[in-house]
Amino acid sequence: MPPEFVISVKSEDGEYMVGVTCDGHKNAFTEKLTSLQKEGKVPQGTVIFTGLKPVGTNCIKVNPDDLIQLSDL
């Protein structure tokens, strides 16, 4: 499964990127981050999922067949 979301935590003093995930693991990440916030290992704040979009440039080649999985973004 390709990554579909950037995961970040928005707190009072800023926003911190935590990682990326697919839609299938979104809930598992939310639960884990909530647990880590309770333990004080991740800043308190709102967990935010920002959608990723495929990009192609001269140096980053995108095969149109690879975009089929991402077509609903």
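Here, the structure is the one placed above.
The sections below set out a description of the structure shown in this document. (Residues numbered from 1 in each chain as written. Predicted model: local features only at pLDDT ≥ 70, side-chain atom pairs only at ≥ 80, totals over all residues. Heavy atoms only, no water.)

What about the environment of Pro3?
Counted only if it meets this: Secondary structure elements follow DSSP: runs of H or I no shorter than four residues count as helices, runs of E no shorter than two count as strands, and numbering proceeds from the N terminus.
Mapping Pro3 onto the fold places it in the segment before β1 (5–11). Between the C-alpha atoms of Pro3 and Gly51, which are 48 residues apart in sequence, the distance is 9.1 Å.

Details of the sheet that holds strand β3 (residues 46–51)
Applicable threshold: Between any two strands, pairing holds if DSSP finds at least two bridges. Axis lines are fitted to C-alpha atoms, over the contacting stretch for helices. Their N-to-C directions set the angle, which ranges from 0 to 180 degrees.
Taken in spatial order, the 3 strands make up an open sheet running β2-β1-β3, and their pairing is antiparallel. Since the sheet does not close on itself, it has two edges, and those belong to β2 (14–21) and β3, each with one partner. Each neighbouring strand pair of the sheet contributes to a mean axis angle of 30°, computed without reference to strand direction. Judged from the 6 bridges that link them, β1 and β3 form a sheet pairing that is antiparallel. Its bridge partner lying in β3, Ser8 is registered against Ile48.

Things to note about the pairing of β2
In this structure, β1 lies alongside β2, joined through 7 bridges in antiparallel fashion. What sits directly across from Ser8, in β2, is Met17. Adjacent in sequence and paired antiparallel, β1 and β2 are bridged by 2 residues.

What about the packing of aromatic side chains?
For any two aromatic rings, the description comes down to two numbers: the centre-to-centre distance and the angle of the planes. Applied cut-off: Centre distance within 6.5 Å is the pairing criterion for rings of Phe, Tyr and Trp, where only the six-membered ring of Trp is used; planes under 30 degrees apart are then read as stacked, over 60 as edge-to-face, and the remainder as tilted. Only protein chains enter the accessibility calculation, which uses a 1.4 Å probe; a residue is then buried when its area is under 20% of its type maximum, exposed when over 50%, and partly exposed in between. Each ring is checked for a lysine NZ or an arginine CZ that lies within 6 Å of its centre and within 35 degrees of its normal; such an atom marks a charge sitting over the ring.
Enumeration according to the criterion identifies 1 aromatic pair in this entry. Ring geometry for Phe5 and Phe49: centres 6.1 Å apart, planes at 85°, overall edge-to-face. In this pair, Phe5 is assigned in strand β1 and Phe49 in strand β3, connecting sequence segments 44 residues apart. The same class applies to Phe5 as to Phe49, namely buried. The aromatic ring of Phe49 is capped on one face by Lys26, whose charged end is 5.2 Å from the ring centroid.

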